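This is what each chain is made of:
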Amino acid sequence: MPVRFHRQKKEACFRGIAASPGVSFGPVFIFLQKELEVPIYQIDKTRHDEEIQRFQSALIKTREQIAQVRAKVANKLGENEAKIFDSHLLVLEDQALIQETIDYHNEHSCNIDYCFHIVAKRYISEFSHINDEYIRERVTDIRDVSRRLLHNLLGQDKIAIGYRLTTPSIILSEDLTPSDAASFSKDRVLGIVTDSGSRTSHSVIMARSLRVPAVVGLHDISWKVEDGDQLLIDGYEGLVFLNPSQKTLQQYGKLEDKHEHRKKVFLKACDVPTQTKDKKPIRLLANIEGLDDVDNVLECQAGGVGLLRTESLYLRGEGFPSEEQQFEIYRTIVSKLTPRPVTIRTLDLGGDKRLKNYAFVAEEENPFMGFRAIRFCLEHKELFKEQLRAILRSSAYGVVKILYPMISSEMEMIQANQVLEEARAELRLQGIRFDENIPIGCMIEIPGAVYIADRLAKHAQFFSVGTNDLIQYLLAVDRINDRIAHLYQPNHPAVLRALVQIVESAKKSKTPVSVCGEMAGDPLYAPFLVGLGIQELSINPVLLPEIKYLLASADLAQLKKLAKQANKMVDPNEILQLFRKFYADHMGTLSL
Ligand code: PEP
Ligand code: MG
């Protein structure tokens, strides 16, 4: 465990991974969300009183800490902001919670930390299922307070301030799961800084979609920052300044001017058709997470939505959305964007998109290789069918396509299509309208799928390449592990060859292919993808204008030449240099 630094008044700079563009400055909000590992062991009956005394002491210590934080927040941000800690103190006064913990201890004779953990978890789980805003807020209080109490019981002194974001802040945490990211009120998140993570972790993808600057993979920054510190984050370069000096702030003011200028130039380029310099059409679509992103799609004039990730609907912690709730959201998105196509991807839970508090979603040793996406859906067919019905119904309001994630076998395509067929039959019987010819797509994001793309094409009308997962599985590099982030290389020749193979298979089977992984929105790689013959890229709307500008600066022949040169190379660094040179040559003074 790293040694905690003493308060650092002077400026310090840290380098991480540039995950979401933008510059932001503000107070830090330390968010400690990791589940604690609470040991379990037996306590001899003669030591019960001692153990209960330990619990009482931890309660007192926790109360004192919260009172201190309250005073600090009241002083810095005002009495109103500090009120949340009154609710935290109330949790610690809750006699039922305290007594149940002691009863559990007396009955089971196990360590008090474990007893408290179990009782608090039970409260959290029961309260989370009550459909009442006030009670749900209490869940957050209990969760935050119990974490702090457990830290004290377990003798871990890391300060755990988890309170709802009441003032615009930069969130700093060891790790940020997509459900954590979804739980923050968007207008108050100025930026995200994490110890772990990479450009393709899902919370980062969400940050980009929220247009919030993010720097991740900083290893141990959460141990060096304290409450009351200010952070300046540079999401372009992957830099974080702790308590920046006036000089740094001024320099960043100038840098922001340059970025503003770039933004204006790129946005202007959005008004013209999407094509190469020699007028060969390309389709640039948007990756979105939900309804809130629709305005961004319209603003960047994307040709539609190439990937609507539906997981965030499920990750808000309010239980699974009903068919009706889903339908309303899909219908609204589709109606607002019609006649542009909207590709709705079916549920891709699992990996780093884990549900909390659901009994049937067990912890896994290796979640990215586990019970994820289509595997989960095919075992929970009723849930899957509900989603398919909602998607089908939305197809009556515009152009909708369905996309299945994480396909690794032909059988999965067949089974998924069977459930789809059942959903269709039900809707027909009920006289509910939907598009009978709705196109079905298959994500190619598992190496096995690359090899059997010809077979998968028999059950799909289009392919969408998920490079985020494809790279992690091809190279066996966990996409969210900052320790090995340098090995996560889109420029690895194996990745390039896999892409070539997909394009060839797609050509043979006459299956249209697009790329919706982050490679498509990266100005270093987008020219290569188009050069390979991929005519459709689906990109985060924040990144789309620059890609459009860049592709419009080159003839198709130049893009093809780039792809050909890259495909001959075997050294990832040489490939990267080639892509960097192409970028610099074509962006000129606008290159970063
Ligand atoms: C991908 O894997 O590239 C992809 C687009 O899906 P996700 O990032 O949601 O796993
Ligand atoms: Mg994926």
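In this report, we go over the structure that sits alongside the text. Keep in mind that what you see is a predicted model, and the values were worked out from it rather than measured. (Residues numbered from 1 in each chain as written. Chains lettered and ligands numbered in written order. Predicted model: local features only at pLDDT ≥ 70, side-chain atom pairs only at ≥ 80, totals over all residues. Heavy atoms only, no water.)

1. Structural notes on the overall build of the chain
Move 1: Check the secondary structure of the chain and you find 23 helices and 16 strands.
Move 2: The C-alpha radius of gyration computed for the chain amounts to 25 Å, which stays within 12% of the reference 25 Å derived for 592 residues, consistent with globular compactness.
Move 3: Principal-axis analysis of the C-alpha atoms gives the chain an extent of 80 × 65 × 40 Å.
Move 4: Expressed as a percentage of its 592 residues, the buried residues of the chain come to 56%.
Move 5: The contacts in the chain between residues at least 6 apart in sequence include a share of 70% that link residues at least 24 apart.
Move 6: For the chain, the accessible surface area stands at approximately 25900 Å², while carbon and sulfur atoms represent 52% of it.
Move 7: Considering the chain, the positive charge centre built from 75 side chains and the negative charge centre built from 79 side chains are found 8 Å apart. (Helix = DSSP H or I, 4+ residues; strand = E, 2+ residues; numbered from the N terminus. Rg over C-alpha atoms; globule rule 2.2 N^0.38 Å. Buried < 20%, exposed > 50% of the residue type's maximum accessible area, 1.4 Å probe, protein only. Contact = heavy atoms within 4.5 Å. Areas by Shrake-Rupley, 256 points an atom, 1.4 Å probe, with all protein chains shown as cover. Lys, Arg positive; Asp, Glu negative; His and termini not counted. Charge placed at Lys NZ, Arg CZ, Asp CG, Glu CD.)

2. Structural notes on the site of ligand 1
Move 1: Residues in contact with ligand 1 amount to 17 residues; listed here are only the nearest, Arg 309, Arg 345, Gly 466, Asn 468 and Arg 479.
Move 2: A distance of 2.8 Å separates an oxygen atom of ligand 1 from a polar backbone atom of Asn 468.
Move 3: Secondary structure elements with two or more residues in the shell around ligand 1: helix H8 (202-209), strand S10 (305-309) and helix H18 (467-475).
Move 4: Sorting elements by how many residues they give to the shell around ligand 1 places H18 first, with three residues.
Move 5: Split by residue class, the shell around ligand 1 holds four nonpolar, five polar and eight charged. (Near = heavy atom within 4 Å. Polar contact = N/O pair within 3.5 Å; in protein donor to acceptor, adjacent residues only side chain to side chain. Nonpolar A, V, L, I, M, F, W, Y, C, P; charged D, E, K, R; others polar.)

3. So, the environment of His 202
Move 1: Looking at the secondary structure, you find His 202 in helix H8.
Move 2: Since its relative accessible area comes to 4%, His 202 is described here as buried.
Move 3: Residues His 202 and Arg 331, spaced 129 residues apart in sequence, show a C-alpha to C-alpha distance of 24 Å.

4. Digging into the nonpolar core
Move 1: Grouped together as the largest cluster of nonpolar side chains are 100 residues, with contacts concentrated most on Tyr 404, Phe 528 and Leu 537.
Move 2: In contact with Phe 528, not counting residues within four places along its chain, are Leu 496, Leu 499, Leu 562, Ala 563, Ala 566, Asn 567 and Phe 579.
Move 3: Ile 52, Phe 85, Val 91 and Ile 142 belong to the second largest nonpolar core, which has 30 residues in total. (Core = buried A, V, L, I, M, F, W, Y, C linked by side-chain atoms within 4.5 Å.)

5. Remarks on the pairing of strand S4 (residues 169-173)
The side chains of a regular strand alternate between both faces of the sheet.
Move 1: The buried count for S4 comes to five of five residues, which makes it a mostly enclosed element.
Move 2: Taken together, the four bridges between strand S3 (residues 23-31) and S4 define a ladder with parallel strand orientation. Following the sheet pairing, Phe 31 is matched in S4 by Ser 173. (Pairing = 2+ DSSP bridges.)

6. Details of helix H14 (residues 381-394)
Move 1: Compared with an ideal rise of 1.5 Å per residue, which puts 14 residues at 20 Å, H14 spans 20 Å between its outermost C-alpha atoms and is within 8% of the ideal.
Move 2: Taking burial as the measure, the 14 residues of H14 include 10 buried ones, the bulk of the element.
Move 3: For H14, the complete set of buried residues consists of Phe 384, Lys 385, Gln 387, Leu 388, Arg 389, Ala 390, Ile 391, Leu 392, Arg 393 and Ser 394.
Move 4: Buried residues in H14 make contact with helix H11 (311-314), helix H12 (323-337), strand S11 (341-345), helix H13 (373-379), strand S12 (399-404) and helix H15 (410-430). (Expected span 1.5 Å × (residues − 1).)

7. Looking at the packing of H14 against H15
Move 1: In the contact formed by H14 and H15, the axes pass within 9 Å of each other and the chain directions differ by 60 degrees. By the angle class used here, H14 and H15 are oblique. Seen from above, H14 lies across H15 with right-handed handedness. Residue-level inspection shows Lys 381, Phe 384, Lys 385, Leu 388, Arg 389, Leu 392 and Arg 393 of H14 in contact with H15, the latter providing Ala 416, Val 419, Leu 420, Glu 422, Ala 423, Arg 424, Glu 426, Leu 427 and Gln 430.
Move 2: Looking at side-chain class alone, the contact of H14 with H15 contains eight nonpolar, one polar and seven charged residues. (Axes fitted to C-alpha atoms, helices over the stretch in contact; angles between N-to-C directions. Parallel < 35°, antiparallel > 145°, perpendicular 65-115°, else oblique. Left-handed = near helix turned anticlockwise from the far one by under 90°.)

8. A few points about the sheet that holds strand S8 (residues 239-242)
Move 1: Read across the open sheet, the eight strands follow the order S1-S8-S7-S3-S4-S5-S6-S2; overall the sheet is mixed. Strands at the two margins of the open sheet, each flanked by one partner only, are strand S1 (12-15) and strand S2 (17-20). Sheet twist, expressed as the average angle between the axes of neighbouring strands with direction ignored, equals 30 degrees.
Move 2: Two elements, S2 and strand S6 (residues 214-216), share three bridges in a ladder whose sense is antiparallel. Residue pairing across strands places Ala 18 opposite Val 215, the latter belonging to S6.
Move 3: Across the face of the sheet, H8 comes into contact with S2, strand S5 (189-194) and S6 while running at roughly 55 degrees to S2.
Move 4: Relative to the sheet, helix H9 (residues 246-269) contacts S3, strand S7 (230-234) and S8, its axis offset from that of S7 by approximately 35 degrees.

9. Re the side chain of Asp 293
Move 1: On the secondary structure map, Asp 293 appears in the loop between strand S9 (283-288) and helix H10 (294-299).
Move 2: Those residues in contact with Asp 293, other than ones at most four positions away along the chain, are Ser 209 and Ile 288.

10. Structural notes on the sheet that holds S12
The strands making up a sheet associate through hydrogen bonds between their backbones, and the pairing can be parallel or antiparallel.
Move 1: Here we have eight strands rolled up into a closed barrel, ordered S9-S10-S11-S12-S13-S14-S15-S16, and parallel in their pairing. Ignoring which end each strand starts from, the neighbouring axes of this sheet average 30 degrees apart.
Move 2: Sheet topology note: the S11/S12 ladder contains five bridges and is parallel. Each residue of the ladder has a partner; that of Val 342, found in S12, is Val 400.
Move 3: Across the sheet, helix H21 (residues 544-551) touches S9 and strand S16 (536-539), and the angle it forms with S9 is around 165 degrees.

11. Re the coordination of the magnesium ion (ligand 2)
Move 1: Only Glu 445 (OE) and Asp 469 (OD) from the protein coordinate the magnesium ion (ligand 2), and they sit 2.0 to 2.1 Å from it. With a gap of 24 residues between them, Glu 445 in the loop between strand S13 (440-444) and helix H16 (447-451) and Asp 469 in helix H18 connect regions that are remote in the sequence.
Move 2: For Glu 445, a relative accessible area of 2% corresponds to the buried category. (Donors = N, O, S within 2.8 Å, 3.2 Å for Na, K, Ca; no water.)

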